[in-house]
Amino acid sequence: MNANYYFCSQAVIDQFKPEQLSKPFKSGFESDGDTPHYIAWLNFDKVKNYFEAVVEPNNEDDDKEDIDFWCWEIIPGNIDVENIDLEQAQLFGLLWEIQFRTGLTKTCNQAMTIYNLAERESLNPIELINKIA
């Protein structure tokens, strides 16, 4: 089974209803509004199959509204997280704090940063999010 922690959208959570799931958290960016983000333990093979069979064809159809379905694996990266302040992340939003301290805005880089922060705090990624959400 190809399972791990993933940083993902509400549509992924709605479809797969994972048992291991973080509290919802907001990015901190005005453009995202109240859109929740999550960390979940997922079997990526199932996610990929659903994406290819349902989401991709739907999003290619100009007559249908795009499904905001995405996830990025929480894996280690070469991102210095020493200056990321979890109290500020709790106050302003985790993704805002990541961008403010590192300049990173790509979702894949945010996922790696979440991994590194969880390691720094000796928590798993779900525990990290639940601590600040």
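For the structure itself, look to the data block above.
In short, a report on the structure. (Residues numbered from 1 in each chain as written. Predicted model: local features only at pLDDT ≥ 70, side-chain atom pairs only at ≥ 80, totals over all residues. Heavy atoms only, no water.)

Notes on the nonpolar core
With 23 residues, the main nonpolar core has Phe-7, Ile-39, Ile-74, Leu-94, Ile-98, Ile-114 and Leu-117 as its most contacted residues. Of all the elements in the fold, those that place two or more residues in this core are strand E1 (3-9), helix H3 (86-92), helix H4 (94-102), helix H5 (107-120) and helix H6 (125-132). In this structure Leu-117 touches Val-81, Ile-84, Leu-86, Leu-94 and Leu-128, once residues within four positions along its chain are discounted. By size, the runner-up hydrophobic cluster in this structure holds 11 residues, among which are Cys-8, Val-12, Ala-40 and Leu-42. (Core = buried A, V, L, I, M, F, W, Y, C linked by side-chain atoms within 4.5 Å. Buried < 20%, exposed > 50% of the residue type's maximum accessible area, 1.4 Å probe, protein only. Helix = DSSP H or I, 4+ residues; strand = E, 2+ residues; numbered from the N terminus. Contact = heavy atoms within 4.5 Å.)

Observations concerning the sheet that holds E1
Strand order in the open sheet made by the 3 strands is E2-E1-E3, with antiparallel pairing throughout. The outermost strands of the open sheet, each flanked by one partner alone, are strand E2 (37-43) and strand E3 (71-73). Going from strand to strand, the sheet's axes swing by 35 degrees on average, the running direction of each strand aside. Bridge count for E1 against E2 is 7 bridges, and the pairing is antiparallel. From the neighbouring strand, Asn-4 faces E2, where its bridge partner is Leu-42. Sheet strands in contact with helix H2 (residues 44-60) are E1, E2 and E3, and its direction is about 105 degrees off that of E2. (Pairing = 2+ DSSP bridges. Axes fitted to C-alpha atoms, helices over the stretch in contact; angles between N-to-C directions.)

Brief notes about the layout of surface pockets
In this model, the largest pocket occupies a volume close to 180 Å³. Taken together, 11 residues make up the lining of the largest pocket; nearest its centre are Phe-16, Pro-18, Trp-41, Leu-42 and Asn-43. Put simply, the parts of the chain that give the lining of the largest pocket at least two residues each are E2 and H2. Of all the elements, E2 adds the most residues to the lining of the largest pocket, at 3 residues. Residues that form the lining of the largest pocket fall into these classes: 7 nonpolar, 2 polar and 2 charged. Here the second largest pocket defines a volume of roughly 150 Å³. Considering the residues around the second largest pocket, the lining is formed by 13 residues, among which Asp-32, His-37, Trp-70, Leu-95 and Thr-107 are closest to the centre. Mapped onto the lining of the second largest pocket, the elements with two or more residues apiece are E1 and H5. Taken together, the residues of the lining of the second largest pocket sort by class into 4 nonpolar, 7 polar and 2 charged. (1 Å grid on protein atoms, 1.4 Å probe; cavity = no way out; pocket = protein on both sides within 12 Å on 5 of 7 lines; lining within 4 Å. Points joined across faces, edges and corners; volume = space filled by probe spheres on them. Nonpolar A, V, L, I, M, F, W, Y, C, P; charged D, E, K, R; others polar.)

Here we look at unusual backbone geometry
Although it is not a glycine, Lys-17 sits at a positive phi angle of roughly 40 degrees. Following the sequence through the fold, Lys-17 ends up in the loop between helix H1 (10-16) and E2. Since its relative accessible area comes to 62%, Lys-17 is described here as exposed. Not every positive phi belongs to a glycine, and Ser-122 is a case in point at roughly 55 degrees. Relative accessible area serves as the criterion here: at 66%, Ser-122 is assigned to the exposed category.

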